[in-house]
Amino acid sequence: MIITFLKNEWKRSVQYKEKIVLNWFFLLLVVLLEYSVYSAFVKQDGMELMVYLVVANVLNHCLLTNTLPRFIRSMKKGEVAKYLTFPKSMWEVVCVEDFVCCLVTLALNAWVFVVVVWWLKCSFVRVIGFVCSLVLSVLLSVFVGECFYSLALPLQNHSASKALLNGVSGILSGGMIPLRYLPKWFVSFCYVTPFAFLVDGPMRVLLEGDFVVLGYQIGWCVVLGFASYWLFAHLASEVEIYGG
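Residues numbered from 1 in each chain as written. Predicted model: local features only at pLDDT ≥ 70, side-chain atom pairs only at ≥ 80, totals over all residues. Heavy atoms only, no water.

Enquirer: With reference to specific residues and values, describe the overall build of the protein.
Expert: The number of helices and strands found in the protein is eleven helices and zero strands. The linear arrangement of helices and strands in the protein, starting from the amino end, is α-α-α-α-α-α-α-α-α-α-α. Across the 244 residues that make up the protein, the buried fraction comes to 48%. Across the protein, every contact between residues at least 6 apart in sequence was considered, and the portion connecting residues at least 24 apart equals 75%. In the structure as shown, the protein presents an accessible area of about 12800 Å², 70% of it carried by carbon and sulfur atoms. (Helix = DSSP H or I, 4+ residues; strand = E, 2+ residues; numbered from the N terminus. Buried < 20%, exposed > 50% of the residue type's maximum accessible area, 1.4 Å probe, protein only. Contact = heavy atoms within 4.5 Å. Areas by Shrake-Rupley, 256 points an atom, 1.4 Å probe, with all protein chains shown as cover.)

This is the structure we're talking about:
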């Protein structure tokens, strides 16, 4: 199942090379704009600020690209046959499809991480820790997304869940504003939630060598994995599907 999704997602992604290049161009513009704004308030760590903004924007593009909204739209039309072609539960199929989608997007942007690591001259151990943190961040984003979007299953309308998820994640993850430049009480609050481990967590591993982050990421993956399974199983059973 994973190999099938990998092949399909990779073929789909590389078909739109112009779109990929255009995304990189806009990412560069956003990073330069953010850097010009934040550097006016932050007088030190200019290089680290640039690195943070680059990686954060790439992760924002790669994470929370959940396919569950597409699944919800298919449910409304009664077209869920493709999710029944694998000898797995629908929750497993949706999660694997999400995970593969995020990983492929991450792979297409891997050159950015290579340049960042080379620029910072990171040790081999820190690079391995950063890569592990990125993979865990992808998995965590899948479970976070499944939890939010599962709440939309009974109504079969994901718009509110998507807006809430993007807003909360952007603020609490460090994807919108680097957490290291925010008040300590707010950063402490962010790290009580799983969102801080989506963007700021991997950055702490990369810039500070804080490998404790990996343990928290694993813990949140376990908790939200069970939570998303329970929510999906119970709320999906309340959905009435019409059509063929």
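Next, the rest of the story.
Enquirer: How would you sum up the packing of aromatic side chains? Please name residues and give values.
Expert: The relation between two aromatic rings is expressed through the spacing of the ring centres and the mutual angle of the planes. Here the structure, examined in full by the defined rule, presents six aromatic pairs. Each ring, one from Phe 148 and one from Phe 195, has its centre 6.1 Å from the other, and the planes form 70°; the classification is edge-to-face. One end of the pair, Phe 148, is in helix H7 (residues 124-150); the other, Phe 195, is in the loop between helix H9 (184-190) and helix H10 (200-208), with 47 residues separating them in the sequence. Residue classification places Phe 195 among the buried positions, given a relative accessible area of 8%. Put simply, the rings of Trp 185, Phe 186 and Phe 189 touch in pairs and so form one group of aromatic residues. (Phe/Tyr/Trp six-rings, centres within 6.5 Å; stacked < 30°, edge-to-face > 60°.)

Enquirer: Before we move on, could you go through the environment of Val 142 and cite the residues and values that matter?
Expert: Mapped onto the fold, Val 142 is located in helix H7. In this structure, the C-alpha to C-alpha distance between Val 142 and Gly 225, residues 83 residues apart in sequence, is 8.8 Å.

Enquirer: Just give me the short version of the packing of H7 against H10, but keep the residues and values in it.
Expert: For the pair H7 and H10, interaxial distance at closest approach is 9 Å and the crossing angle is 180°. As far as their axial angle goes, H10 and H7 are roughly antiparallel. Along the contact surface, H7 presents Arg 126, Gly 129, Phe 130, Ser 133, Leu 134 and Ser 137, while H10 presents Gly 201, Pro 202, Val 205, Leu 206, Leu 207 and Glu 208. Class assignment of the residues belonging to the contact of H7 with H10 gives a composition of six nonpolar, four polar and two charged. (Axes fitted to C-alpha atoms, helices over the stretch in contact; angles between N-to-C directions. Parallel < 35°, antiparallel > 145°, perpendicular 65-115°, else oblique. Nonpolar A, V, L, I, M, F, W, Y, C, P; charged D, E, K, R; others polar.)

Enquirer: I'd like a rundown of the packing of helix H3 (residues 46-62) against helix H6 (residues 110-120), residues and numbers included.
Expert: Interaxial distance between H3 and H6 falls to 11 Å at its minimum, and their mutual angle equals 165°. Considering their axes alone, H3 and H6 lie roughly antiparallel with respect to each other. The crossing of H3 and H6 is left-handed. Each of Met 47, Met 50, Val 51, Val 54, Val 55, Val 58 and Leu 59 in H3 lies in contact with H6, whose residues at this interface are Val 112, Phe 113, Val 116, Trp 119 and Leu 120. For the contact of H3 with H6, the per-class residue count stands at twelve nonpolar, no polar and no charged. (Left-handed = near helix turned anticlockwise from the far one by under 90°.)

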